[in-house]
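Residues per chain are reported as follows:
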Amino acid sequence: MDKDSALTPSLSQAEVLHVQTIIDMGIDTHQEPVVYMRSDCHICRSEGFTANSRVTLSYVDNSVIATLNVVDESILAEGTVGLSKIAIARLCANNGDVIQIGHAPVVTSLSSVRKKVFGHKLNRDELVEIIEDISAHRYTDIEIASFLSVCAGKRLDVDEIIGLTQAMVACGKRLGWPDQAMILDKHCIGGLPGNRTTPLVVSIVSAAGLVIPKTSSRAITSPAGTADTMESLTTVNLDIVDIQRVVAETNACLAWGGAVNLSPADDLLIRIEKALDLDGEGQLIASVLSKKIAAGSTHAVIDIPVGPTAKVRNKHDAERLASLFTQVGADCGIYIRCVITDGSQPVGRGIGPVEEARDVLSVLQGGSIQQNGKNELQDLRERSLCLSAHLFSLASGESFENCLIKAKSILDEGKAWQQFKRIVNAQGGLKILSSAKYQHIEYAQTEGNLIAIDNRQLARLAKLAGAPSTLTAGLRLHVRVGDKVSNDVALFTLMSESTGERDYALDFYHQQSSMFTIEPLCGESNDE
């Protein structure tokens, strides 16, 4: 059977005119499929297709909706169309295969997005339709950005957040744990560089025999997500069968959730949120809880850091967010306990996947980074113990104080470290951490007391150095709020894999006036 007949055995004469041969353009358009067609293409003329039109591409049993880019006749031979990498991948086609081209279906759920633009409330059916269309790749990136924008801030009420959460769960796969009555989980809403407590909490809690299959996302607006950090230590791209195997062996896992399609719409939304540097309240709650529910979790602790440059700026907003998490969780069948924590400065010393992994290993192994006679990882240790104790308490009903003693014992006796090694060995083994090619130390330019560190600017500095896409990129802090500094005191070491990223990041640092706020001993303040 030739390719034309494999495509469809009963093409009409009109349909034959809509068949073209694929040329692999070798262009990475990320997750948005693009088709390239000649400006004189008969399909464009007959169907009225113009640049940015949405068209359906079909090959055998697969189809995708793609955005049309029009190119000069010299770019493509007559009778051919170019496809971007993601378009070819979703069609499961190859260079030289024959595809059919037609009009894209009308996306009726966009009317609901426009309804929200004008301030009207969305019902659950409308939210389900929107999420189903996004999951099926019927929305362009611009349309997804529009949906995220009109839902940002506090524009979703609790009913809409519940509806959005349930819609996101419904559109993906769900993990089941039939032999377990209780499945634990934890999550931090982010906004605090270096706050890599998850590997520690998972190790402590699962070492006690409780089940905590942790599926984490990659970074959205931060220099590292748990999945990024764990990828520097072991394999995180596990399928559902592997996750179930690892959990059966160890009571836990530390995997990337995007690899198992638990909430596919959320992964598509996160990609656009990352580009917009946007993380709205309603979308945040729906994103977190949909993945917890899809992972089969029954009980979860949510860490909400609060600080002047954290994601949540004040206690009032934190309490509102905690209340929403609890309400939405209850309606969706998951017990939630929110813990409001100090978000005034970074946690630990490393920022970026590899540097945060170093801190995790140090705390697990009972070591520390000593400076001026102090354990510089005490904050990471204490925060992890606190969250572990809250999980123990949520699971058992015991007092937080008794559960904290239990968590400390597991960590101090090395049980958590042994458990962590069991988990990573089950996932493929422990990797050796590498170091960045370029390391630049930045010193204080004045003497005084360090009274503030800007979390957001510091996170951006690490991202400009290449984190998290480059695992070794980021920075290592050498000071904490409250330290006395002088001209010979190192503030941080910048890590990068190229001189371009290093210089770009340093240019940004030198343009900032308040990344490190130092109060001179005379009482006048300076910023660095």
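Everything quoted here is computed from the prediction, not taken from an experiment.

(A) Examining the overall build of the protein chain more closely. Along its length, the protein chain carries 20 helices and 21 strands. At 25 Å, the protein chain has a C-alpha radius of gyration in line with the 24 Å of a compact globule built from 528 residues. Projected onto its principal axes, the C-alpha positions of the protein chain cover 80 × 55 × 50 Å. Scored against the burial criterion, the 528 residues of the protein chain give a buried share of 55%.

(B) Spatial organisation of the nonpolar core. I131, I134, F147, I304 and F325 are the most contacted members of the largest nonpolar core, which has 48 residues in total. Ranked by the residues each element gives to this core, the list is headed by helix α14 (residues 315-332), at seven residues.

(C) Structural context of the sheet that holds strand β3 (residues 54-59). Reading around the barrel, the six strands line up as β1-β5-β2-β4-β3-β6 and close back on themselves, with mixed pairing between neighbours. Direction aside, neighbouring strands of the sheet carry axes that sit 45° apart on average. Here β3 runs beside strand β6 (residues 98-103); their pairing, made up of four bridges, is antiparallel. Bridge pairing in β6 links L57 to I101.

(D) Up close: the sheet that holds strand β12 (residues 350-351). Across the sheet, which stays open at both edges, the four strands sit in the order β12-β17-β19-β15 with antiparallel pairing between neighbours. Across the chains shown, the open sheet's two edge strands, defined by having one partner strand only, are β12 and β15 (438-443). The pairing of β12 with strand β17 (residues 474-477) spans two bridges and is antiparallel. Across the sheet, the residue bridging to G350 is R476, located in β17.

(E) Up close: the pairing of strand β8 (residues 212-216). Within β8, five of the five residues are buried, which leaves it mostly tucked inside the rest of the structure. Covered by surrounding structure in β8 are I212, K214 and S216 together with P213 and T215, the residues of both alternating faces. Bridging between β8 and strand β9 (residues 252-256) involves five bridges; their strand directions are parallel. In the sheet register, I212 faces β9, and the bridge partner there is A252.

(F) Up close: unusual backbone geometry. That bond from A467 to P468 is cis: its omega, 0°, falls within 30 degrees of zero. Its identity is not glycine, yet H30 carries a phi of approximately 60°, on the positive side. Structurally, H30 is set in the loop between β1 (19-24) and β2 (34-38). Even without a glycine there, the phi angle at V60 is positive, about 55°.

(G) The arrangement of the packing of helix α11 (residues 240-250) against helix α18 (residues 415-426) in detail. α18 packs onto α11 with a crossing angle of 150° between their chain directions and a minimal axis gap of 9 Å. The angle between α11 and α18 falls in the class roughly antiparallel. The two elements α11 and α18 meet at a crossing, and its hand is right-handed. In this structure, α11 contributes R245, V246, E249 and T250 to the contact, and α18 contributes Q419, R422, I423 and A426. Grouping the amino acids of the contact of α11 with α18 by side-chain chemistry returns three nonpolar, two polar and three charged.

(H) Expanded view of the packing of aromatic side chains. For the structure on display, the rule yields four aromatic pairs. For the pair W417 and F420, a centre-to-centre distance of 6.1 Å together with 20° between the ring planes defines the contact as stacked. Pair noted here: W417 and F420 are both in helix α18, with a separation of three residues, about one helical turn. The pair W417 / F420 is uniform in exposure class, with both members buried. Centre to centre, the rings of F492 and F516 are 5.9 Å apart; their planes meet at 10°, and the pair counts as stacked.

(I) Geometry of the pattern of salt bridges. Using the criterion set out here, one finds 28 salt bridges in the structure. Here D40 ties to R38 by a salt bridge, and the two come within 2.9 Å at their closest N and O atoms. Residue D40 is classed as partly exposed on the basis of its relative accessible area of 24%. Relative accessible area serves as the criterion here: at 12%, R38 is assigned to the buried category. Across the salt bridge formed by K116 and E160, the nearest N and O atoms sit 2.9 Å from each other. Highlighted residues: K116 in helix α5 (residues 110-117) and E160 in helix α8 (residues 158-170), separated in sequence by 44 residues.

(J) Layout of the environment of L475. Within the secondary structure, L475 sits in strand β17. Residue L475 is classed as buried on the basis of its relative accessible area, which comes to 0%. Separated by 120 residues in the primary sequence, L475 and E355 place their C-alpha atoms 7.1 Å from one another.

(K) Inspection of the confidence of the model for the protein chain at higher detail. For the protein chain, mean pLDDT is 91; residues scoring 70 or higher make up 94% of the total. Confidence drops under pLDDT 50 across residues 1-17; counting only partners more than four residues distant or on other chains, this segment forms 22 contacts.

(L) Highlighting the pairing of strand β16 (residues 448-453). Here two bridges tie β16 to strand β18 (residues 484-485), and the two strands are oriented antiparallel to one another. Residue pairing in the sheet places G448 in a bridge with V485 of β18. Relative to strand β20 (residues 516-519), β16 is paired through four bridges, and the arrangement is antiparallel. Paired with L450 across the strands is I518, a residue of β20.

(M) Main features of helix α12 (residues 264-276). The end-to-end C-alpha distance of α12 is 19 Å, a good match for the 18 Å that 13 residues give at a rise of 1.5 Å each. For α12, the full list of buried residues reads P264, A265, D266, L268, L269, I270, R271, I272 and E273. Buried-residue contacts for α12 involve α6 (124-135), α7 (141-151), α8 and α13 (281-294).

Conventions we followed
Residues numbered from 1 in each chain as written. Predicted model: local features only at pLDDT ≥ 70, side-chain atom pairs only at ≥ 80, totals over all residues. Heavy atoms only, no water. Helix = DSSP H or I, 4+ residues; strand = E, 2+ residues; numbered from the N terminus. Rg over C-alpha atoms; globule rule 2.2 N^0.38 Å. Buried < 20%, exposed > 50% of the residue type's maximum accessible area, 1.4 Å probe, protein only. Core = buried A, V, L, I, M, F, W, Y, C linked by side-chain atoms within 4.5 Å. Pairing = 2+ DSSP bridges. Axes fitted to C-alpha atoms, helices over the stretch in contact; angles between N-to-C directions. Parallel < 35°, antiparallel > 145°, perpendicular 65-115°, else oblique. Left-handed = near helix turned anticlockwise from the far one by under 90°. Contact = heavy atoms within 4.5 Å. Nonpolar A, V, L, I, M, F, W, Y, C, P; charged D, E, K, R; others polar. Phe/Tyr/Trp six-rings, centres within 6.5 Å; stacked < 30°, edge-to-face > 60°. Salt bridge = Lys/Arg side-chain N within 4 Å of Asp/Glu carboxyl O. pLDDT = per-residue confidence, 0-100. Expected span 1.5 Å × (residues − 1).

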